[in-house]
Amino acid sequence: MDVDPRHYEQIAIKDNDIHSIVVSYLVHNCYRETLEAFVACTGMPEPANYIEDMEKRKATCSEILCCALEGDALKAIELTEQVACDLLENNKDLHFDLLSLHFVELVCAKKCTEALEFAQNKLMPFGKEQKLLEKLENFLSLLAYEEPEKSPIFHLLGLEYRQCVADNLNRAILAHRNLPSYTAVERLIQQAIVVRQSLNQDHGKDEIPTFSLKDFLKG
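Residues numbered from 1 in each chain as written. Predicted model: local features only at pLDDT ≥ 70, side-chain atom pairs only at ≥ 80, totals over all residues. Heavy atoms only, no water.

### Digging into the overall build of the protein chain
A count of helical and extended segments in the protein chain gives 11 helices and 0 strands. Overall, the protein chain shows an N-to-C arrangement of helices and strands of α-α-α-α-α-α-α-α-α-α-α. The 219 residues of the protein chain split such that 32% are buried. Nonlocal contacts in the protein chain, meaning residues at least 24 apart in sequence, comprise 53% of its contacts between residues at least 6 apart. When the accessible surface of the protein chain is summed, it comes to about 14600 Å², and 52% of that surface belongs to carbon and sulfur atoms. (Helix = DSSP H or I, 4+ residues; strand = E, 2+ residues; numbered from the N terminus. Buried < 20%, exposed > 50% of the residue type's maximum accessible area, 1.4 Å probe, protein only. Contact = heavy atoms within 4.5 Å. Areas by Shrake-Rupley, 256 points an atom, 1.4 Å probe, with all protein chains shown as cover.)

Structure below.
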């Protein structure tokens, strides 16, 4: 039975519910030692089949994500095609993003000629997709700078961009293997953001400050 929204603040949140959310996050990210320590500390029952679940995830994603994060994007693509042969073919955005990681490595290594050839052969065909054209132009513009790390689009060279691509790849592979692609805590955060944004629209910006997840996490 649904609860009247006016009574939400009166609902007591059970420790077991919080523990389950934490456990799902640890299992999802294969933090086995942390999970075992958390279970022992809280005294909660050991999750059923969690080791099998972790091993399935690690076997599927671990090596691929390491390649993506450590600059070997072509190897990540090769491994992805082995475990999910049609994934990148059906997800052009993700395929482009992975190829862009290799392009960025060439740019950072000052291999401009090789980077240009790679862009012509591998990236430019994606320019036929209107939604990818702007991204393509942004990456190609890196070649115009002697110090691309000081360009207005320097963020494309950083770890944060690689991490974003790796996260998207991880979710896509998990979904392809019929495994949850988001943890419970991620879904809760997404829901909280949507609700807060909806409140901003309903009540006006002057009454409720714009929600910032970074500010929220900083406390």
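The rest of the description comes next.
### As for the packing of helix α6 (residues 92–108) against helix α7 (residues 112–123)
Contact pair α6 / α7: the axes reach a minimum separation of 9 Å and the direction vectors enclose 165°. Overall, the two elements α6 and α7 adopt an arrangement that is roughly antiparallel. The chirality of how α6 crosses α7 is left-handed. Together, F96, L99, S100, H102, F103, L106 and V107 of α6 and E114, A115, F118, A119, K122 and L123 of α7 make up the contact between the two elements. Of the residues contributing to the contact of α6 with α7, the split by class is 9 nonpolar, 2 polar and 2 charged. (Axes fitted to C-alpha atoms, helices over the stretch in contact; angles between N-to-C directions. Parallel < 35°, antiparallel > 145°, perpendicular 65-115°, else oblique. Left-handed = near helix turned anticlockwise from the far one by under 90°. Nonpolar A, V, L, I, M, F, W, Y, C, P; charged D, E, K, R; others polar.)

### Remarks on the pattern of salt bridges
Pairing between side chains becomes possible if they bear opposite charge and their charged atoms approach one another. Under the defined criterion, the tally for this structure stands at 5 salt bridges. The salt bridge involving E78 is made with K75; its shortest N-O contact spans 3.7 Å. Within this pair, E78 and its partner K75 are both found in helix α4 (residues 73–83), separated by 3 residues, close to a single helical turn. Taking relative accessible area as the criterion, K75 reaches 28% and is therefore assigned partly exposed. (Salt bridge = Lys/Arg side-chain N within 4 Å of Asp/Glu carboxyl O.)

### As for unusual backbone geometry
Positive phi outside glycine occurs at K110, with the angle close to 65°. Tracing the sequence through the fold places K110 in the loop between α6 and α7. For K110, a relative accessible area of 49% corresponds to the partly exposed category.

### Some remarks on the environment of D15
Among the structural elements, D15 can be located in helix α1 (residues 15–28). Residue D15 is classed as exposed on the basis of its relative accessible area of 52%. Between the C-alpha atoms of D15 and T42, which are 27 residues apart in sequence, the distance is 9.5 Å.

### Observations regarding the side chain of R162
One can find R162 in helix α9 (residues 159–176). Although R162 is buried, it makes no salt bridge; E105 carries the closest opposite charge, 4.3 Å away. When residues no more than four places from it in sequence are discounted, the contact partners of R162 are A68, L69, L101, E105 and L157. (Lys, Arg positive; Asp, Glu negative; His and termini not counted.)

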